[in-house]
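# Remarks on the overall topology
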Amino acid sequence: MPLTTAAIKDKARELGFNLCGITPAEPSPTLRAYLRWIERGMHGAMGYLARLDRVRRRQNLREIMPGAKSLILVGLDYFARFADERTLSDPSRGRIAAYAWGLDYHKVMQLRLEQFAGWLADASGKAIQQRVYVDTGALLERSHAQQAGLGFIGKNTMLIHPRRGSSFFIGEIITSLSFADYDEPHRETMCGTCTRCLAACPTDAFPKPYVLDARRCISYHTIENKGWIERELRPGFGNWIFGCDICMDVCPFQRFSEETDEVAFLPFEIDRVAPLLTNILMSTDETYRAMFRRSPIERIKREQMVRNACIAAGNWRNERAIPHLIQLLYDTSALVRGHAAWALWRTMELDASKLLSDLHRRDDDERVRAEVEALLG
Ligand code: SF4
Ligand code: SF4
């Protein structure tokens with residue numbers, strides 16, 4: 001008996017996925033918008049997004065897998081109620097985006113998708129080709145997920161399920177199986193006249209609805225950007241140190257988010273959600289690794305995280321951070337020294353002049369000296 005889409009969806013549910021949709025392996029309808037976005041450089045330093053081989057794959061899924069006929073898209077909820085808004089926005093704490101509170105979702109999703117693919121191969125009873133992806137494939141997964149009926153893409157560029165919000169991970173299987181009854185695409189948008197997400201973004205990262213300029217996005221800078229962060233943007237970061245959920249949290253559809261059943265995504269301590277900034281500022285490579293072991297945060301190094309914490313400390317402007325920031329003026333990383341200088345200036349203002357002049361005198365890194373010059377003006 002041929003494998004039906006209904007049987008596949010039953011299996012997806014049995015494996016714990018909260019959403020599943022199936023769509024033909026056709027080019028994404030948002031491909032042109034994506035190419036325009038790349039052309040305008042809005043991907044920032046994420047050069048891998050603009051690589052020709054990757055663009056080609058996005059244009060044609062058969063470049064990824066020659067026998068590709070269908071895409072099976074799944075969603076897995078990650079929403080957890082762990083800390084109240086007061087704790088999360090406490091400026092003495094660094095805030096972490098909710099998707100990163102638990103264990104690394106790549107591993108959890110990958111394992112489960114591989115199980116799913118194994119079952120598909122057995123249940124189809126024939127030799128089939130399959131590829132499994134979580135975040136890593138060169139495909140426009142939100143757009144394919146919309147085609148598979150999993151939701152619509154909002155003005156905040158997130159995939160939104162009208163009865164579930166956006167707090168779910170997306171994964172996909174490209175398969176050589178084809179089906180007679182694919183899911184209907186979700187209608188294009190349900191945003192209507194709402195503009196909450198656009199208005200709420202503290203760094204004005206939306207030049208227009210449905211377009212996100214990564215170069216102005218806190219999420220991009222705190223995770224993807226390994227270098228210096230423009231001074232003009234830093235005050236808008238507030239206490240975010242890894243990602244940013246603002247444009248998702250303000251979305252009215254978020255009230256439908258359901259708490260995940262997946263224990264791997266439940267945080268087990270406040271340090272995984274909103275650690276004290278002073279703990280991050282004081283961290284060594286070793287303590288930093290221990291703090292975020294097996295979390296998605298592991299993908300950024302201490303240097304980047306301490307840079308982010310310096311920005312949050314510069315927005316906190318509290319004397320409790322001063323001794324740690326002074327110590328960071330001697331850090332081995334120029335990136336850290338420069339951002340610590342900014343945070344000290346924001347916290348101590350003119351009282352930081354002597355410390356910063358000394359740094360300028362002794363530091364042989366041009367970027368650090370330029371930072372201090374700009375501050376002392
Ligand atoms: Fe703006 Fe934050 Fe959304 Fe980025 S994630 S677009 S910074 S609100
Ligand atoms: Fe659409 Fe409003 Fe949600 Fe933005 S906040 S994605 S405009 S519904």
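### Section: the packing of helix 15 (residues 353-362) against helix 16 (residues 366-376)
One can describe the packing of helix 15 onto helix 16 by two numbers: an axis separation of 9 Å at closest approach and a directional angle of 150°. Judged on the interaxial angle alone, helix 16 and helix 15 are roughly antiparallel. The element helix 15 and its partner helix 16 pack so that their crossing is left-handed. Where helix 15 abuts helix 16, its residues S353, L356, S357, L359 and H360 lie against V368, R369, V372, E373, L375 and L376. Split into classes, the residues belonging to the contact of helix 15 with helix 16 amount to 6 nonpolar, 3 polar and 2 charged.

### Considering the pairing of strand 7 (residues 168-175)
For strand 7, a buried count of 8 out of 8 residues is recorded, marking the element as mostly surrounded by other parts of the structure. Taking every second residue as pointing to the same face, both faces of strand 7 are buried, with F168, I170, E172 and I174 on one and F169, G171, I173 and T175 on the other. One ladder, built from 8 bridges, connects strand 2 (residues 70-77) with strand 7; its direction is antiparallel. Note that in strand 7 the partner of G75 across the bridge is I170. Inspection of the sheet shows strand 4 (residues 130-133) paired to strand 7 by 4 bridges, in the antiparallel sense. Residue pairing for strand 7: Y133 is matched across the bridge by E172.

### Quick word on helix 1 (residues 5-14)
Helical periodicity: at 3.6 residues per turn, an α-helix aligns residues three or four positions apart in one direction. By the burial criterion, the buried members of helix 1 are T5, I8, K9, K11 and A12. On an axial view of helix 1, the arc spanned by its buried residues comes to 160°, and they lie on one face. Opposite the packed face of helix 1, turned more than 90 degrees from it, sit the exposed residues R13 and E14. Elements that come into contact with the buried residues of helix 1 comprise strand 1 (19-24), strand 2 and helix 5 (105-124). Count one or two residues on from helix 1 and you reach G16, which has phi positive near 100°.

### Focus: the site of ligand 2
If you check the shell around ligand 2, you find G154, K155, N156, I160, C191, C194, R196, C197, C251, P252 and F253 and nothing else. Here the shell around ligand 2 is built from residues that sort into 7 nonpolar, 2 polar and 2 charged.

### As for the pairing of strand 2
Extensive coverage of strand 2 is indicated by the burial of 8 of its 8 residues. Going residue by residue along strand 2, you find S70, I72, V74 and L76 tucked away on one face and L71, L73, G75 and D77 tucked away on the opposite face as well.

### Things to note about the sheet that holds strand 1
In spatial order, the strands read 1-2-7-4; together these 4 strands make up an open sheet with antiparallel pairing. Every interior strand has two partners, whereas the edge strands, strand 1 and strand 4, have only one. With direction set aside, neighbouring strand axes in the sheet form an average angle of 20°. Strand contacts of helix 1: strand 1 and strand 2, with the helix running at about 145° to strand 1, the strand carrying the most contacts. Set on the sheet, helix 5 makes contact with strand 2, strand 4 and strand 7; between it and strand 7 the angle comes to about 35°.

### Some words on the environment of Y78
Here Y78 is to be found in the loop between strand 2 and helix 4 (85-88). The class for Y78 is buried, based on a relative accessible area of 6%. Between the C-alpha atom of Y78 and that of V250, which follows or precedes it by 172 residues, the distance is 17 Å. In contact with Y78, not counting residues within four places along its chain, are A98, Y99, S166, S167, F168, F169, M248, T260 and F265.

### A short note on the domain arrangement of the chain
According to the domain assignment, the chain consists of domain 1 (5-79 + 103-175) and domain 2 (278-371). Look at where the C-alpha atoms of domain 1 and domain 2 centre, and you get two points 38 Å apart.

### Observations concerning the site of ligand 1
Contacts to ligand 1 come from C201, P202, T203, A205, F206, L212, C217, I218, C244, I246 and C247. Residues belonging to the shell around ligand 1 are distributed by class as follows: 10 nonpolar, 1 polar and no charged.

### Here we look at the environment of P91
One can find P91 in the loop between helix 4 and strand 3 (95-96). On the accessibility criterion, P91 (39% relative accessible area) is partly exposed. Once the C-alpha coordinates of P91 and N318 are considered, the two residues, 227 residues apart in sequence, prove to be 9.1 Å apart. Among all residues touching P91, those that are not within four sequence positions of it are N239, L277 and W316.

Quick notes on the rules
Residues numbered from 1 in each chain as written. Chains lettered and ligands numbered in written order. Predicted model: local features only at pLDDT ≥ 70, side-chain atom pairs only at ≥ 80, totals over all residues. Heavy atoms only, no water. Axes fitted to C-alpha atoms, helices over the stretch in contact; angles between N-to-C directions. Helix = DSSP H or I, 4+ residues; strand = E, 2+ residues; numbered from the N terminus. Parallel < 35°, antiparallel > 145°, perpendicular 65-115°, else oblique. Left-handed = near helix turned anticlockwise from the far one by under 90°. Contact = heavy atoms within 4.5 Å. Nonpolar A, V, L, I, M, F, W, Y, C, P; charged D, E, K, R; others polar. Buried < 20%, exposed > 50% of the residue type's maximum accessible area, 1.4 Å probe, protein only. Pairing = 2+ DSSP bridges. Arc of directions from axis to C-beta. Near = heavy atom within 4 Å. Domains from an automatic or database assignment.

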